[in-house]
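Chain by chain, the residues:
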Amino acid sequence: MSSSETLPEPDVEEGIRYWESQPASYDGVLGGFGNGSLPRVDALGSRQFLMYLLPELCTVPSALRPLRVPEELANRRTRALDVGAGVGRVTADVLLHLFSDVVLVEPVESFVSEALRRGRASEAEGAGGPAPSVVNGSEENPEARAPWKGVRDRSKSVTFVQATLQDFDPARPSAAIAAGRSRLRGRVGYTPAEDAGADGVADDLDAGFDVVWCQWCLGALSDPDLVAFFRRSKAALRDPARGLIVVKENLCSEEGEPRAVFDESDSSLTRSDLAWKEAFANAGLRVVHEQVQEGFPEGLYTVKMYALR
């Protein structure tokens, strides 16, 4: 960052310790805003953003969906990566509505365990006998209580990986798992039979992604780590001409130059618009589209979505 202000760098372990102290729920991962309108407004805004950029993802006839989707796009499984995924909120409420296969990456043990439990509960729904509850505790939002789309009928899949973004390589997830820097926690839903191993997890982890989704997690990365992660994510896009890295993050204010604010509570950085764009440029990415998320409660940081290639 080119600002003359010197800030502490995020500490990974301190950040994880903070989030381990929060409830493994929508309310916990959203800082107390999980039981109001924010989760639904956020998810709808994210889905509309993706469908505007990739209209072939739209699953119902609409003004967004092309009259004819090219055969090579219509007949292939689509893949998304959800990083810093918490309890699986974005996976469940955004990505599974649009993509065939999702890889969920989260470093906090309690969060990824809860995400896996919710995925397995969704898989068990309707499988005969009483199914476990999709939620654990007192989630109030209907979205949090809904079974994950496509998991029960095995038309879609979610693979769960426990890892920090500093250690995770979107282009080669299996390498970090083999080296012990990441942990493969499981998979629910669809599994290509010919690729399934003894643990029932298909070895398609390194197949690349159509979209890499990064929301409310990149503040845990220092500037060098952020740029390095963006470069690894760019290398993971299956089609460089159509694939997208989406960043949805809070923005702090600025006065003509890049700026960031350090939060001691979770050891994270909130960056300004120019600071984000400086990081994108340093990673060799260009902004394809940007949009402010509307409809959030007053008093919060501005939240902006950036689509990058």
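Above: the structure in question.
These numbers were taken from a predicted model, which means no experiment stands behind them. (Residues numbered from 1 in each chain as written. Predicted model: local features only at pLDDT ≥ 70, side-chain atom pairs only at ≥ 80, totals over all residues. Heavy atoms only, no water.)

**Student:** Help me out: how do you make sense of the overall build of the chain in this one?
**Tutor:** In terms of helices and strands, the chain carries 10 helices and 10 strands. A sequence separation of at least 24 residues applies to 68% of the contacts in the chain between residues at least 6 apart. As displayed, the chain has an accessible area near 13800 Å², and 48% of this comes from carbon and sulfur atoms. (Helix = DSSP H or I, 4+ residues; strand = E, 2+ residues; numbered from the N terminus. Contact = heavy atoms within 4.5 Å. Areas by Shrake-Rupley, 256 points an atom, 1.4 Å probe, with all protein chains shown as cover.)

**Student:** Would you mind going over the nonpolar core with me for this structure?
**Tutor:** A general trend in soluble globular proteins is that nonpolar side chains are found buried together. Counting 39 residues, the largest nonpolar core has L50, L95, F99, W148, V158, F160 and V211 as the members making the most contacts within it. At the level of elements, helix 3 (38-53), helix 5 (89-93), strand 2 (101-105), helix 6 (109-124), strand 3 (157-162), strand 5 (211-215), strand 6 (244-251) and strand 10 (302-308) are the ones that each hand at least two residues to this core. Broken down by element, this core gets its largest block of residues, 5 residues, from helix 3. Residue contacts for F99: discarding those within four places in its chain leaves L50, L57, T78, R79, A80, K156, D210 and V211. Counting 31 residues, the second largest nonpolar core, distinct from the first, contains F168, C217, L218 and L285. (Core = buried A, V, L, I, M, F, W, Y, C linked by side-chain atoms within 4.5 Å. Buried < 20%, exposed > 50% of the residue type's maximum accessible area, 1.4 Å probe, protein only.)

**Student:** I keep staring at the pattern of salt bridges and nothing clicks. Help me out?
**Tutor:** Two side chains of opposite charge can pair, provided their charged atoms sit close to one another. Counted under the stated rule, the structure contains 19 salt bridges. Across the pair E123 and R154 runs a salt bridge whose closest N-O atoms are separated by 3.1 Å. In this pair, E123 is assigned in helix 6 and R154 in the loop between helix 7 (142-145) and strand 3, connecting sequence segments 31 residues apart. For R154, a relative accessible area of 42% puts it in the partly exposed group. (Salt bridge = Lys/Arg side-chain N within 4 Å of Asp/Glu carboxyl O.)

**Student:** Honestly, the pairing of strand 7 (residues 260-263) in this entry has me stumped. Any pointers?
**Tutor:** Remark: a regular strand shows side chains that alternate across the two faces of the sheet. As paired elements, strand 7 and strand 8 (residues 268-271) share 4 bridges and run antiparallel to each other. Bridge pairing links F262 to L269 in strand 8. Hairpin connection from strand 7 to strand 8: 4 residues lie between these consecutive antiparallel strands, with S267 at a positive phi of about 55 degrees. (Pairing = 2+ DSSP bridges.)

**Student:** What exactly am I supposed to notice about unusual backbone geometry here?
**Tutor:** With the exception of glycine, the majority of residues adopt a negative phi angle, and the majority of peptide bonds are in the trans configuration. The backbone of R154 sits at a positive phi, close to 60 degrees, despite the residue not being glycine. Within the chain, W216 stands out as a residue other than glycine whose phi angle is a positive 50 degrees. Relative to the helices and strands, W216 is located in the loop between strand 5 and helix 9 (223-235).

**Student:** I'm lost on the sheet that holds strand 1 (residues 79-83) in this one. Help?
**Tutor:** Each strand in a sheet pairs with another by means of backbone hydrogen bonds, the pair being arranged parallel or else antiparallel. Taken in spatial order, the 8 strands line up as 4-3-2-1-5-6-10-9 in an open sheet, and their pairing is mixed. The strands lining the two open edges of the sheet, one partner per strand, are strand 4 (183-189) and strand 9 (287-292). Strand-to-strand twist in this sheet, taken as the mean axis angle between neighbours without regard to direction, amounts to 15 degrees. Strand direction decides the pairing type here: strand 6 and strand 10, joined by 7 bridges, are antiparallel. (Axes fitted to C-alpha atoms, helices over the stretch in contact; angles between N-to-C directions.)

Function cannot be inferred from these measures alone, as they are strictly geometric.
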